[in-house]
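Remarks on the overall topology
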Amino acid sequence: MNPDVEIYLNKARLWQDELITLRTIVLDTPLTEEYKWRAPCYTYEKKNIVLIGAFKDDCVLSFFKGALLKDPLGVLSKPGENTQAARVVRFTSLQEIIELEPVLKSYIDEAIEVEQSGLKVEPKQEAEPIPAEFQAKLDESPALQTAFEALTPGRQRAYLMHFSAAKQSQTRMNRVEKYIPQILDGKGIHDCTCGLSQKLPACDGSHKSIR
């Protein structure tokens, strides 16, 4: 039992009983208790297997490679829309955890087997949709089209996700207009544009020192 986890649980304002019960269940498996990323983390031979966490609306048991689990009961879900490897089991009551204890232990056993086998989640590079506002600019400017296509797939995806995240068309347009010069310069959305960064090409915020 990790003392940092004890502190975490004692200070928990939400879902304390549920977190304690999840911890008890996980500790009854071959996993080792650690404290990482400000949360209880459980490992097998130093490999991350599951996390316990609490949020406003629920608490979760998160499997690092949950996408590789069979999940016959369909209790696993993606923690975020773009998540590829991790899967979580969400709880909103202590009774749910108690009833699902045998299932959780079997999933943990399977997660350990997955880790021992060396299986990895292969990232899926699904094409990010291009917002209409940005597509219009690409159609208007062959130079912009060429510059955007010259960016790495990761940089292209970062721009498209940032543009698409805006709910209003005008906001999307404003974002597109803001970053057109940066795209034409061949830089990604998170790249340094002032040359002051100590972690080029990424921006580390050094530009703030001249403001």
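Please refer to the structure higher up on the page.
Every value quoted in this text rests on a predicted model; they were computed, and no experiment measured them. (Residues numbered from 1 in each chain as written. Predicted model: local features only at pLDDT ≥ 70, side-chain atom pairs only at ≥ 80, totals over all residues. Heavy atoms only, no water.)

Of regular secondary structure, the chain possesses seven helices and five strands. Over its C-alpha trace the chain gives a radius of gyration of 22 Å, far above what one expects of a compact globule, namely 17 Å for 211 residues. Once the C-alpha set of the chain is aligned to its principal axes, its extents read approximately 60 × 40 × 35 Å. Out of the 211 residues belonging to the chain, those deemed buried represent 37%. When contacts within the chain are restricted to residue pairs at least 6 apart in sequence, long-range pairs at least 24 apart make up 53% of them. Averaging the coordinates of the 27 positive side-chain charges in the chain and doing the same for the 30 negative ones gives two points 7 Å apart. (Helix = DSSP H or I, 4+ residues; strand = E, 2+ residues; numbered from the N terminus. Rg over C-alpha atoms; globule rule 2.2 N^0.38 Å. Buried < 20%, exposed > 50% of the residue type's maximum accessible area, 1.4 Å probe, protein only. Contact = heavy atoms within 4.5 Å. Lys, Arg positive; Asp, Glu negative; His and termini not counted. Charge placed at Lys NZ, Arg CZ, Asp CG, Glu CD.)

With that settled, the discussion passes to the pattern of salt bridges. Taken as a whole and assessed by the stated rule, the structure comprises 12 salt bridges. For K36, the salt bridge is made with E34, and the minimal N-O distance between the two is 3.8 Å. By relative accessible area, K36 is classed as partly exposed at 22%. The shortest N-O distance in the salt bridge between E177 and K137 comes to 2.8 Å. A residue pair is termed long-range when its members are at least 10 positions apart, and E177 in helix 7 (residues 169–184) and K137 in helix 4 (residues 132–140) qualify at 40 residues. In this structure K137 comes out as buried when scored by relative accessible area, which is 18%. Members of the salt-bridge network, linked through shared partners, are E6, R23 and E33. (Salt bridge = Lys/Arg side-chain N within 4 Å of Asp/Glu carboxyl O.)

Before going further, it helps to spend a moment on the pairing of strand 4 (residues 59–63). Most of strand 4 is tucked away: five of the five residues are buried. On strand 4, burial covers both faces: C59, L61 and F63 on one face and V60 and S62 on the other are all buried. Across five bridges, strand 3 (residues 47–54) lies against strand 4 in antiparallel orientation. Bridge pairing in strand 4 places G53 opposite V60. (Pairing = 2+ DSSP bridges.)

Moving on, we come to the environment of L27. Mapped onto the fold, L27 is located in helix 2 (residues 16–27). Here L27 falls in the partly exposed class, since its relative accessible area comes to 31%. Each C-alpha atom of the pair L27 and Y42 lies 8.6 Å from the other, and the pair is 15 residues apart in sequence. Setting aside residues no more than four positions away along its own chain, L27 makes contact with M1, E33 and Y42.

To continue, consider the side chain of E18. Along the chain, the position of E18 falls in helix 2. Here E18 is buried and forms no salt bridge, its nearest opposite-charge partner R90 lying at an N-O distance of 14 Å. Other than its neighbours up to four places away in sequence, E18 contacts C59, S93, L94 and I97.

A few words now on the packing of aromatic side chains. For any two aromatic rings, the description comes down to two numbers: the centre-to-centre distance and the angle of the planes. Per the stated rule, a full pass over the model turns up seven aromatic pairs. With a centroid separation of 6.0 Å and 45 degrees between ring planes, the pair formed by W37 and F64 is classed as tilted. Of this pair, W37 sits in the loop between strand 1 (32–36) and strand 2 (39–44) while F64 sits in the loop between strand 4 and strand 5 (87–91); the two residues are 27 residues apart in sequence, bridging distant segments of the chain. When its relative accessible area of 58% is taken as the criterion, W37 is described as exposed. (Phe/Tyr/Trp six-rings, centres within 6.5 Å; stacked < 30°, edge-to-face > 60°.)

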